[in-house]
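Coordinates in review
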Amino acid sequence: MAKRPILTCEESCNFEQELLGRDPEKEWVAMNKVADQLAHHILLDFNEFRPMPRDPHILVLAGKGHNGGDALLSAHRLLKSRPRGQVTILPIGNPDNFKPNTQKAFCSLAEENKCRILQVDAVPEKDNIDISLDGILGMQFSPPLRAPLDKLIGTLNRLDNIGFRAAVDLPTGLGDQSIDEPLRADFTYATGIAKAPLFTKQALHWTGRIRYIDIGFFNQNLTQFENSKKILTEDTLKPIRQMRPSNCDKRSHGHLFCIGGSRHMPGALLLTVRAALRSGVGLVTAFAPESVASQFAAVAPEAMWVPWPETPDGGLSLEGQHLLREKVSSATALATGPGIGVERETQILLQEILKETKLPTVIDADALQPEIIKSLGGAAILTPHLGEMARLTGSHANDINTEIVREYSKINNVTTLLKGPLSWITNGEQLHVSSFGSPVLARGGSGDLLTGIVGGLLAQGHPPMEAADMAAVWHGQAAEHLARNRGQTAVTTTLLLNYMHEPLRP
């Protein structure tokens, strides 16, 4: 349940036909499952924009296929939750030519909400629209677009009276073959199957945020998709949502050692430690520059702070290595990199530490250097952004893709969590993507929090790939809860800590 395959549109069509057998009753059941979840997610996600009004104006762009039916059924659900709302339907073509189930959805919505439904034959360019639902074209699309739809998309993309743009399954114009300007969305809700065209660099501008809506298509044997890319679901966090044993103590849940910080960049280490303390780990020991260790102990007294001798420039000095050697036998994992800087002596120190230890380790920030990765003596998770991945591979950031990351991970025997609007996780064989998250993460320090979460999960005994998957989902979902409560703009990175509990109590 924690992972679902990512398929091309052609593969998706074939799978759906095999699963549903073109049976109208089965298709209708699937469409209603989509509508229930789609409406639910829109009500949640809209809060990142602003609170949902009591009387929302919803525009449904309805094509003749089942995407149009999904959009109409979802609008129906939204009206039930907001009885004072209004729906404007712009059918693409004559509704009499809709597929039977889409006609059924159209009639059901219209008959039950006669006074709140308006059917139009042109885009309402002057009315304020709270939500638009793109249900025009789906996975069977192939270019080119026919008139007048080609002009309609350009018109819709330029409108500034639409608050929240939602695409059902795929933005219109996106597919195994796509047009240059698909219909833009703020959120794309991948229904039943996550389609591969959503996960390309070029698509991100048009898809906006991606939500996967699981309606049970893959509840049976998935062996035929073992080698495919996979999208992570909320169930990724299931192992840490369980009740803890009543006879446990702090040593039962691991001991994370955090090494980082410098006189010039001390805060990054504190962020990592504070996130680690909320990861469920039993013990955290932090090795910090001696000039700031006592201050940090007052901010995060739950951790054990060990002052580390500094170089003249404020980095961690080689002479402090004995401090780690004296205590390392009690550790179950190591986290390093945040705030550590690029001073030569500190970089050599890290190489020496990683050569000696066999502990599972998460490495971030300035510790992501080719020489340091070559020094690894144990299992490791790397958490680079595009620029850091380019440094490790000797590539340009614009050239980084999932296959480069997978090959690098395989050659170096590491697990890599590539951070970005989509987080990709690979151990050189498996390739997973987390679409959870929010633009609130596009702030300094959010990666330091992720390092602490990864480290805490490693220390609790989770294998590297599992720990990276869970951390990406947890970090992303906490960001979503923050954004839904505070918005995307007037927030700080540390506020994320206050929402880490939310994904564990769904």
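In what follows, the accompanying structure is described. (Residues numbered from 1 in each chain as written. Predicted model: local features only at pLDDT ≥ 70, side-chain atom pairs only at ≥ 80, totals over all residues. Heavy atoms only, no water.)

1. Examining the pattern of salt bridges
- Scanning all chains against the criterion turns up 15 salt bridges.
- Among the ionic pairs, arginine 211 bridges to aspartate 45, the shortest N-O distance being 3.1 Å. You can see arginine 211 sitting in strand S9 (residues 209–213) and its partner aspartate 45 sitting in helix H2 (residues 24–45), a full 166 residues away along the chain. Of the two residues, arginine 211 and aspartate 45, neither departs from the other in class, the shared state being buried.
- A salt bridge links lysine 195 to aspartate 169, with the nearest nitrogen and oxygen atoms 2.8 Å apart. Here lysine 195, found in strand S8 (residues 194–195), pairs with aspartate 169, found in the loop between strand S6 (162–168) and strand S7 (187–191); they are 26 residues apart in sequence, far enough to count as distant. Per residue, the accessibility class of lysine 195 equals that of aspartate 169, and both read buried.
- Salt bridges sharing common partners tie together Asp45, Arg211, Glu480 and Arg484. (Salt bridge = Lys/Arg side-chain N within 4 Å of Asp/Glu carboxyl O. Helix = DSSP H or I, 4+ residues; strand = E, 2+ residues; numbered from the N terminus. Buried < 20%, exposed > 50% of the residue type's maximum accessible area, 1.4 Å probe, protein only.)

2. Quick notes on the side chain of glutamate 310
- Residue position: glutamate 310 is located in the loop between strand S13 (304–308) and helix H9 (321–327).
- In terms of polar contacts, glutamate 310 uses its side chain to reach the side chain of arginine 263, at 3.1 Å.
- Those residues in contact with glutamate 310 that sit more than four places away from it in its chain are Arg263, Pro289, Glu290, Ser291, Gly315 and Ser317. (Polar contact = N/O pair within 3.5 Å; in protein donor to acceptor, adjacent residues only side chain to side chain. Contact = heavy atoms within 4.5 Å.)

3. Overview of the sheet that holds S9
- An order of S4-S3-S2-S5-S6-S7-S9 is seen for the seven strands of this open sheet, with the pairing classed as parallel. Where the open sheet ends on each side, the last strands, each with one partner, are strand S4 (117–119) and S9. For this sheet, the mean inter-axis angle between neighbouring strands, taken without regard to orientation, is 20 degrees.
- Alignment of S7 against S9, held across five bridges, turns out to be parallel. If you follow threonine 188 over to S9, its bridge partner there is isoleucine 210. (Pairing = 2+ DSSP bridges. Axes fitted to C-alpha atoms, helices over the stretch in contact; angles between N-to-C directions.)

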